[in-house]
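Structural features, examined
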Amino acid sequence: MTTTGEAVRLDRVVFSYADTMVRFDVTFDEGKVTAIMGPSGAGKSTLLNLVAGFEQPREGRILVGGKDVTGSDPSSRPVSMVFQENNLFGHLDVAKNVGLGRSPALRLTAADRSDVDDALARVGLGGMANRLPRELSGGERQRVALARVLVRDRPVLLLDEPFASLGPALRDDMLELLMSVQAERGMTVLFVTHQPEDARKVAENMVFVEAGTISANGKTTDFFGDSGPEAFRRYIGSERG
């Protein structure tokens, strides 16, 4: 399977919940990893949920590859998403959890099952197809979630702090795996993280979300340079302190 990334655009999107309003007008480059950073509650997860279709904008459009998907159901969008809690079903073994990415009803052909085996091998879980999620470590469960992404074979991957609960060594392993898979597939990746070093390691581009808007947008190297955005410099200063 080969995946080609597609650009993602939030075109003058407005979304409100409770007492909070977000306004996003931003384009994410196709085939690139973009880190999304900002304070808690700034709207980072909301941005991903709007792209995935779990939230609907009050105004504006969501475009993927130039196609307006604003009114499309999440399942029909060319998008995969991995959450911090990895969203595995405890009563299903590893192979079936991955197979859900190909068929929600688990009606899998022989070719589908072969693709599941290949995906598990690719993420380092060969031989674990029959295990249940409770028999896996946190890192292994995230590898299952990533294998499911591979069999879905969608051009856009959304990551909502998927490695936040892992220790430093496991997190580094998962970041390496993510970079390797992204290089092979060419997916467009939107990666929410609170870890500046993770953004620096995997992302070519960055956006900084503050108070429900994109306050800075550009190359990761520029963000971390001496003339990086002031809001971002304040943020990582407080995080490091």
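Every chain begins its residue count from 1, and numbering advances along the sequence as written. Only residues with pLDDT of 70 or above have their local features reported here, since the model is predicted, and side-chain atom pairs are shown and tallied only from 80 upward, although totals for entire chains, interfaces and linings are computed over all residues. Hydrogens and water molecules were not included; the side-chain quantities draw on all heavy atoms of the structure.

Topic: the pattern of salt bridges
When the charged atoms of two side chains with opposite charge come close together, those side chains can pair. Selection criterion: Note on definitions: salt bridges are taken to be side-chain nitrogens of Lys or Arg within 4 Å of carboxyl oxygens of Asp or Glu. Per-residue accessibility, obtained with a 1.4 Å probe over protein chains only, is compared with the maximum for each type, and a residue is labelled buried under 20%, exposed over 50%, and partly exposed between these values.
According to the stated counting rule, one finds 16 salt bridges in the structure shown. Linking aspartate 93 and lysine 96 is a salt bridge whose minimum nitrogen-to-oxygen distance equals 3.7 Å. A relative accessible area of 38% places lysine 96 in the partly exposed class. Note that aspartate 112 is salt-bridged to arginine 102, the shortest N-O span being 2.7 Å.

Considering the packing of helix α3 (residues 110-122) against helix α4 (residues 138-152)
As a reminder of what qualifies: Here the axes come from fitting lines to C-alpha atoms, over the contacting stretch only for helices, and the angles between their N-to-C directions go from 0 to 180 degrees. Only runs of H or I of at least four residues qualify as helices and only runs of E of at least two qualify as strands under DSSP, and these elements are numbered from the N terminus. Orientation categories follow fixed angle ranges, with anything under 35 degrees roughly parallel, anything over 145 roughly antiparallel, 65 to 115 roughly perpendicular, and all other angles oblique. Left-handed describes a crossing whose near helix is turned anticlockwise from the far helix through less than a right angle; right-handed describes the clockwise counterpart. Residue contacts are defined here by distance: any two heavy atoms, one from each residue, within 4.5 Å place the two residues in contact. As a working rule, the residues Ala, Val, Leu, Ile, Met, Phe, Trp, Tyr, Cys and Pro are called nonpolar, Asp, Glu, Lys and Arg charged, and the rest polar, with Gly in that last group.
Interhelical geometry of α3 versus α4 gives an angle of 135° and a closest axis separation of 9 Å. Considering the angle they form, α3 stands oblique to α4. The two elements α3 and α4 meet at a crossing, and its hand is right-handed. Two secondary-structure elements touch here, α3 through Asp115, Val116, Ala119, Leu120 and Arg122 and α4 through Ala147, Leu150 and Val151. Class assignment of the residues belonging to the contact of α3 with α4 gives a composition of six nonpolar, no polar and two charged.

Observations regarding the environment of alanine 199
The residue alanine 199 is located in helix α6 (residues 196-202) in this model. Relative accessible area serves as the criterion here: at 0%, alanine 199 is assigned to the buried category. Measuring from C-alpha to C-alpha, the distance between alanine 199 and threonine 34 comes to 8.1 Å, with 165 residues separating the pair along the chain. Excluding residues within four positions of it along the chain, alanine 199 makes contact with Ala35, Met37, Thr193, Met206 and Thr220.

Keep in mind these numbers describe shape, not what the thing actually does.
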